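Listed here are the chains, written in short residue letters.
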Amino acid sequence: MKTVQQTYQSSFREKGSKFIGYLLPTLSKENFEDKLEDIQSNYPDATHHCYAWRINPSNIEEFTQDDGEPSGTAGLPILNKLKSFEMVNCGCVVVRYYGGTNLGTSGLIQAYGKSAELCLKKASLRTVIPTKKFEITYPYDQQKEIDRLKNRFNLKEIDAQYTEEVSLTMACRAIHADTFEQALKQLEHEGVSMTDKGSSFVTLDTN
């Protein structure tokens, strides 16, 4: 899966209609709606503000809005472009100024999809990796074992506290989480304990 960390814009004309696309990062429906309001206020006289979003890498949620265009001709082609680029935690808004010539169903689908695709092709994409977070507590004499697991499972350290024992919060790739959990359980007799802190994700440069 991929995402963006800044907003990208595209613009083109089709038979007199102007299409302005915005690809923007978003982590929630509420966050997207705030950004949508900003775009709507920038183009209050536009004929349509159509959009789609995809959020939550662990359990993807999607939504589309045709905003007065014929059903399935605007929001869905935008969403399909997001899906074809494997995008998540982002949304795309396409603003249309009607130019006097009807584009027809296939023309609308093509135009809204093109607007989203132009933004996506401009964008610097980041890789999104679904993870599970674990809090691991262990005595200092188990540090070598924990380091070995960190290397084996390519864990990302999120937080660390050093008191009478060590307490680490680590992110493990979701596809390896069950195996990692079993490996930790084999160290319980050495004083290693683990708490499942739920699903999350990390974002990495695509390069």
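Structure: see above.
Summary of the structure given here. Owing to the predicted nature of the structure, the values given are computational and were not obtained by experimental measurement.

### A closer look at the pairing of strand S3 (residues 17-25)
Among the 9 residues of S3, 8 are classified as buried, and the element is accordingly described as predominantly covered. Sheet topology note: the strand S2 (residues 8-14)/S3 ladder contains 7 bridges and is antiparallel. By the bridge assignment, Phe 12 is partnered in S3 with Phe 19. What sits between the antiparallel neighbours S2 and S3 is a turn of 2 residues, in which Lys 15 has the positive phi angle 50°. As defined by bridge partners, S3 adjoins strand S6 (residues 90-97) across 8 bridges and the pair is classed as antiparallel. Note that in S6 the partner of Lys 18 across the bridge is Tyr 97.

### Comments concerning the pairing of strand S7 (residues 126-138)
Sheet topology places strand S1 (residues 2-3) next to S7; 2 bridges connect them, and they run antiparallel. Each bridged residue has a counterpart across the sheet, and for Lys 2 the counterpart in S7 is Thr 127. Summarising the sheet, S7 and strand S9 (residues 166-173) pair through 8 bridges and their orientation is antiparallel. Across the sheet, residue Glu 135 finds its bridge partner in S9, namely Thr 169.

### Side note on the side chain of Arg 96
Tracing the backbone shows Arg 96 in strand S6. Here the side chain of Arg 96 touches Glu 69 through a polar contact of 2.8 Å, side chain to side chain. Those residues in contact with Arg 96 that sit more than four places away from it in its chain are Ser 17, Lys 18, Phe 19, Ala 46, Thr 47, His 48, Glu 69, Thr 101, Leu 103, Leu 108 and Tyr 112.

### Notes on unusual backbone geometry
Residues other than glycine predominantly adopt negative phi, and peptide bonds predominantly adopt the trans conformation. Phi angles above zero are rare outside glycine, and Lys 15 is one such case at about 50°. You can see Lys 15 is positioned in the loop between S2 and S3. Judged by its relative accessible area of 53%, Lys 15 falls in the exposed class. Backbone geometry places Asp 67, a non-glycine residue, at a positive phi of 45°. Inspection of the secondary structure assignment puts Asp 67 in the loop between strand S5 (61-65) and helix H2 (75-84). The exposure class of Asp 67 is partly exposed, given its relative accessible area of 29%.

What counts, and where the lines are drawn
Residues numbered from 1 in each chain as written. Predicted model: local features only at pLDDT ≥ 70, side-chain atom pairs only at ≥ 80, totals over all residues. Heavy atoms only, no water. Buried < 20%, exposed > 50% of the residue type's maximum accessible area, 1.4 Å probe, protein only. Helix = DSSP H or I, 4+ residues; strand = E, 2+ residues; numbered from the N terminus. Pairing = 2+ DSSP bridges. Polar contact = N/O pair within 3.5 Å; in protein donor to acceptor, adjacent residues only side chain to side chain. Contact = heavy atoms within 4.5 Å.

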